[in-house]
Amino acid sequence: MAYLGNPARTVAVLEKHGFQFQKKYGQNFLIDTHILEKIIDAAEITKDDMVLEIGPGIGTMTQYLCEAAREVVAVEIDDNLIPVLEDTLSEYDNVTVLNQDILKVDIGRIAEEKNHGKPIKVVANLPYYITTPIIMGLFESHVPLESITVMVQKEVADRMQVGPGTKDYGALSLAVQYFSNPEVVCVVPPTCFIPQPKVASSVIRLTCHKNPVVEVSDEAFMFKVIRASFNQRRKTLVNGLNNAPTIPVSKENIIKTIEELGYSPTIRGETLSLQEFATLSEALRQKVN
Ligand code: SAM
């Protein structure tokens, strides 16, 4: 039975192992059973699923995942948590704990070995200091993924969901929406964690697209165009692209491309949709020096 997730039991485990929190690893452990149940429900985990958990901590959510999934692989960077996890997960035989940095793990190989290369589900209460590299790493490495259900800072979840013309719209919104359909599951106050983070959090589910929503011949180039367009928010799209060393197109050709697409030369990147960025990127690629 999943017994962690309540504050008293979490504190008892921490005291038993003399665990000291490491701020550098973004350790805020969940202590609310309702939120844990919401995460498991939102991820729609079944006994057919292989789940990758990033940062199991003392194993609170891992216990819930082991009960719901066929197999769980949990990747934890902090050596001091490994003996704690051996203790709290001792009754489960469907979990593998890897003492590694998730940014250095070959997740494609895990999916191959543990799920015969079929799409996996990722579930995590993410360490906030590396939320974007983790999510972008998962997407850009083209690991077979069904969905990613994660706790992130509320502000980051908001950025993932918004469209053109809003202040939070940016490279993260476009990347997330290119690869998936984002839906916020719930907002989580700091009181649901120990220690309490300084900010509110949200659980967000990213359901990965089976087929691309926009077609581009060079995905990496489109992302270079997107990053360049948002790098200098207060600049026009022409200047953003022209100032980016990653876009080897002359200023004259950038202006020509933008005008051929029917935009004003003073347009800003934040007004363009994903489809419009895809079209712009295809047109710019033809003009690479
Ligand atoms: N899942 C636990 C929970 O909900 O109570 C802990 C979540 S805590 C926000 C983030 C966890 O990620 C911590 O256990 C931390 O040590 C771990 N972590 C931080 N950086 C990591 C990395 N690069 N690779 C793997 N785990 C990491």
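Computed from a prediction, not measured in an experiment: that's the story for all the values here. (Residues numbered from 1 in each chain as written. Predicted model: local features only at pLDDT ≥ 70, side-chain atom pairs only at ≥ 80, totals over all residues. Heavy atoms only, no water.)

## Comments concerning the overall build of the protein
Filter applied, for reference: Helix numbers and strand numbers start at the N terminus; a helix is a DSSP run of H or I with at least 4 residues, a strand a run of E with at least 2. As a reference, a globule follows 2.2 Å times the number of residues to the power 0.38, and the radius of gyration itself is taken over C-alpha atoms. Each residue's exposure class comes from its accessible area (1.4 Å probe, protein chains only) as a fraction of the maximum for that residue type: buried when under 20%, exposed when over 50%, partly exposed otherwise. Should any heavy atoms of two residues lie within 4.5 Å, those residues are considered in contact.
Helices and strands together make up the secondary structure of the protein, namely 12 helices and nine strands. By the compact-globule yardstick of 19 Å for 289 residues, the protein fits well, its C-alpha radius of gyration being 21 Å. Taken along its principal axes, the extent of the C-alpha atoms in the protein is 65 × 40 × 30 Å. When burial is assessed residue by residue, the protein has 51% of its 289 residues classed as buried. Long-range pairs, those at least 24 residues apart, make up 67% of the contacts in the protein with a sequence separation of at least 6.

## With respect to the packing of aromatic side chains
Definition in use: The aromatic pairing rule takes the rings of Phe, Tyr and Trp, using the six-membered ring of Trp, and pairs them if the centres are within 6.5 Å, calling planes under 30 degrees apart stacked, those over 60 edge-to-face and the rest tilted.
Enumeration over the complete set of coordinates arrives at nine aromatic pairs. An aromatic cluster of at least three residues, connected via ring pairs, comprises Phe139, Tyr178, Phe179 and Phe223.

## Let's talk about the pairing of strand S5 (residues 120-125)
This is how it is decided: Paired strands are those between which DSSP finds at least two bridges.
For S5, the buried fraction is high: six of the six residues fall into the buried class. The alternating pattern of S5 places Ile120, Val122 and Ala124 and Lys121, Val123 and Asn125 on opposite faces, both of which are buried. Strand direction decides the pairing type here: strand S2 (residues 50-54) and S5, joined by three bridges, are parallel. Bridge assignment links leucine 52 to a residue of S5, and that residue is valine 122. With six bridges joining them, S5 and strand S6 (residues 145-153) adopt parallel strand pairing. Residue pairing across strands places valine 123 opposite threonine 149, the latter belonging to S6.

## Some details on the layout of surface pockets
The criterion, for reference: Lining residues are defined by having an atom within 4 Å of a point belonging to a cavity or pocket. Those points lie on a 1 Å grid over the protein atoms alone, cavities being sets where a 1.4 Å probe fits but cannot get out and pockets being open sets with protein on both sides within 12 Å along at least five of seven lines. Grid points are joined across faces, edges and corners, and a volume is the space filled by probe spheres set on the points. Under the scheme applied here, ten amino acids are nonpolar (Ala, Val, Leu, Ile, Met, Phe, Trp, Tyr, Cys and Pro), four are charged (Asp, Glu, Lys and Arg), and all others, including Gly, are polar.
Taken as a whole, the largest pocket encloses approximately 690 Å³ of empty space. If you trace the largest pocket, you find 36 residues lining it, with Tyr25, Gly26, Gln27, Asn28 and Pro127 closest to the centre. Of all the secondary structure elements, the ones that give two or more residues to the lining of the largest pocket are strand S1 (29-30), S2 and helix H3 (60-68). In the lining of the largest pocket, the residues fall into 21 nonpolar, 10 polar and five charged. A volume near 380 Å³ is recorded for the second largest pocket. Looking at the lining of the second largest pocket, the elements that each hand over two or more residues are helix H6 (131-140), S6, helix H8 (171-179) and strand S9 (201-208). For the lining of the second largest pocket, the element with the most residues is S9, which contributes three residues. Of the residues that constitute the lining of the second largest pocket, the class distribution is nine nonpolar, four polar and four charged.

## Some points on the packing of H8 against helix H9 (residues 219-231)
The condition that has to hold: Every axis corresponds to a line fitted to the C-alpha atoms, with the helix fit spanning only the stretch in contact, and the corresponding angles, defined between N-to-C directions, vary from 0 to 180 degrees. Oblique is the label for any angle not covered by the other classes, which are roughly parallel (under 35 degrees), roughly antiparallel (over 145) and roughly perpendicular (65 to 115). By convention the crossing between two helices is left-handed if the near helix lies anticlockwise of the far one by an angle smaller than a right angle, and right-handed if it lies clockwise.
Where H8 contacts H9, the axes come no closer than 9 Å and their chain directions differ by 155°. Taken as axis vectors, H8 and H9 run roughly antiparallel relative to one another. Viewed along their axes, H8 and H9 form a crossing whose handedness is right-handed. In contact with Ala171, Leu174, Ala175, Tyr178 and Phe179 of H8, H9 contributes Glu219, Met222, Phe223, Ile226, Arg227 and Phe230.

## Some details on unusual backbone geometry
Proline 195 follows isoleucine 194 through a cis peptide bond whose omega is -15°. Structurally, proline 195 is set in the loop between strand S8 (193-194) and S9. Phi at histidine 116 is positive, roughly 50°, even though this residue is not glycine. For histidine 116, a relative accessible area of 65% gives the class exposed.

## Examining the sheet that holds S6
On the basis of which strands lie adjacent, the open sheet formed by seven strands has the order S4-S3-S2-S5-S6-S9-S7 and mixed pairing. Bordering the open sheet on either side are strand S4 (95-98) and strand S7 (180-188), each of which pairs with just one other strand. Ignoring which end each strand starts from, the neighbouring axes of this sheet average 15° apart. Here seven bridges tie S6 to S9, and the two strands are oriented antiparallel to one another. Each residue of the ladder has a partner; that of threonine 149, found in S9, is arginine 205.

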